[in-house]
Amino acid sequence: MVRSAGPQQWVWEELRSIEAMNFRFKDQQPPEIYTCNLTPKMLLYPLEDVLSAEHIISEFKPEEIINLLTHLVPEKVRITVVAKENSTKVNLVEEFFKIHYSIEQIEPELITKWKNCGFDEGLQLPTRNEFIPTVFDLKPRQDWGIIPELIVNNEISHVFFLQDNEFMLPKATVRVEIFSPLPLQNPKNQGMIGLLKRTLEDSLSEFSYNAHVAGLKYTVLDSVYGLEVLISGYDHKLGVLLEKKLGTRATSKTC
């Protein structure tokens, strides 16, 4: 599939954006751990590139991707099988840890079968990741204090807001709590709330991977009081995930 489609520059651009974002807003680590991680990299990269070499992708090289694909063939596959059932089939012993193992060649007939297995039409390249942020500007700062302020107050909702003036990152957290007296009425209603939570998670599973690699996280919780939805990450595309998360259930016939 990848060979027939060829190297896709848009995939490379997405990877470059994600790696640059992760490097720019990397969380702090304990100095001793960070130092231990960097030390072996000094043997691999120039000193001025040690910090960024594994994160900053600077050049699209389709010819190297094509060259790599020429080596991903059945003739060069290596398969490792670990199981107690194989203990009677091994004939070698590892020198240091005395682990019993054996090495066998894959039958040529099996290699030929893999080479001629055909193409599964159900497989396809992933679509573009709509959650990758491109704007990291901070919102205008205001003195909101340290206590969340009630900014919307009506018959059906209360909205509280608190602006972060300490970490100064282009990130946000949205917490939506849906209160209902129904779960407390009987065990059936409580079970229905749990079922609603599971269907919500299932319907959003198609977005979860793309959201995760783009720095967005979400959690759905159910309780005797109703549902709670928590979404956090880079604020530029946080609204896209929130709309999909809540809009999915609002338009579902099972809601």
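Since the model is a prediction, treat every value here as computed from it, not as a measurement.

What is the right way to look at the sheet that holds strand 5 (residues 171–179) in this model?
The strands that make up a sheet are held in pairs by hydrogen bonds between backbone atoms, and each pair lies either parallel or antiparallel. One open sheet accounts for three strands, arranged 5-7-6; its pairing is antiparallel. The open sheet has two edge strands with one neighbour each: strand 5 and strand 6 (216–223). Going from strand to strand, the sheet's axes swing by 10° on average, the running direction of each strand aside. The pairing of strand 5 with strand 7 (residues 226–234) spans nine bridges and is classified as antiparallel. The residue bridging Arg175 from the neighbouring strand is Leu230, located in strand 7.

I keep staring at the nonpolar core and nothing clicks. Help me out?
Where a protein is soluble and globular, its nonpolar side chains tend to be buried together. Judged by nonpolar contacts, the single largest core of 16 residues is most densely connected at Phe131, Ala211, Leu216, Ile231 and Leu241. When contributions to this core are tallied by element, the ones reaching two or more residues are helix 6 (187–203), helix 7 (205–213), strand 6, strand 7 and helix 8 (235–250). Counting residues per element, this core draws most heavily on strand 7, which supplies three residues.

Explain the side chain of Asn129 here, please?
Summarising the element assignment, Asn129 is placed in the loop between helix 5 (108–115) and strand 3 (149–153). There is a polar contact of 2.9 Å between the side chain of Asn129 and the backbone nitrogen of Phe131. Setting aside anything within four residues of it in sequence, one finds Asn129 in contact with Glu14, Asn210, Val213 and Ala214.

How do you make sense of the pairing of strand 4 (residues 158–161) when you look at a structure like this?
Two faces, one strand: in a regular strand the side chains alternate between the faces of the sheet. Where strand 3 and strand 4 come together, four bridges link them in antiparallel fashion. Of the residues in strand 4, the one forming a bridge with Val152 is Val159. Remark: four residues form the turn of the hairpin made by strand 3 and strand 4, two consecutive strands paired antiparallel.

Explanation requested: the packing of aromatic side chains in the structure shown.
A ring pair, where both rings are aromatic, is described by two values, the distance of the centres and the angle of the planes. If you walk through the whole model with that rule in mind, you get five aromatic pairs. With a centroid separation of 5.7 Å and 50° between ring planes, the pair formed by Trp12 and Phe60 is classed as tilted. Here Phe60 lies in the loop between helix 3 (31–38) and helix 4 (62–71) and Trp12 lies in helix 2 (residues 9–24), a separation of 48 residues in the sequence. As far as the burial class goes, Trp12 and Phe60 line up, both buried. Between the aromatic rings of Phe25 and Phe136, the centroid separation amounts to 5.3 Å while the plane-to-plane angle is 40°, which identifies the pairing as tilted. Taken together, the positions of Phe25 in the loop between helix 2 and helix 3 and Phe136 in the loop between helix 5 and strand 3 put the pair 111 residues apart, joining distant regions of the chain. The same class applies to Phe25 and to Phe136, which are both buried. Members of the aromatic cluster, connected to one another through ring pairs, are Phe25, Phe136 and Tyr234. Sitting over the ring of Tyr234, Lys171 keeps its end group 5.0 Å from the ring centre.

Parameters and conventions
- Residues numbered from 1 in each chain as written.
- Predicted model: local features only at pLDDT ≥ 70, side-chain atom pairs only at ≥ 80, totals over all residues.
- Heavy atoms only, no water.
- Pairing = 2+ DSSP bridges.
- Helix = DSSP H or I, 4+ residues; strand = E, 2+ residues; numbered from the N terminus.
- Axes fitted to C-alpha atoms, helices over the stretch in contact; angles between N-to-C directions.
- Core = buried A, V, L, I, M, F, W, Y, C linked by side-chain atoms within 4.5 Å.
- Buried < 20%, exposed > 50% of the residue type's maximum accessible area, 1.4 Å probe, protein only.
- Polar contact = N/O pair within 3.5 Å; in protein donor to acceptor, adjacent residues only side chain to side chain.
- Contact = heavy atoms within 4.5 Å.
- Phe/Tyr/Trp six-rings, centres within 6.5 Å; stacked < 30°, edge-to-face > 60°.
- Lys NZ or Arg CZ within 6 Å of the ring centre and 35° of its normal.

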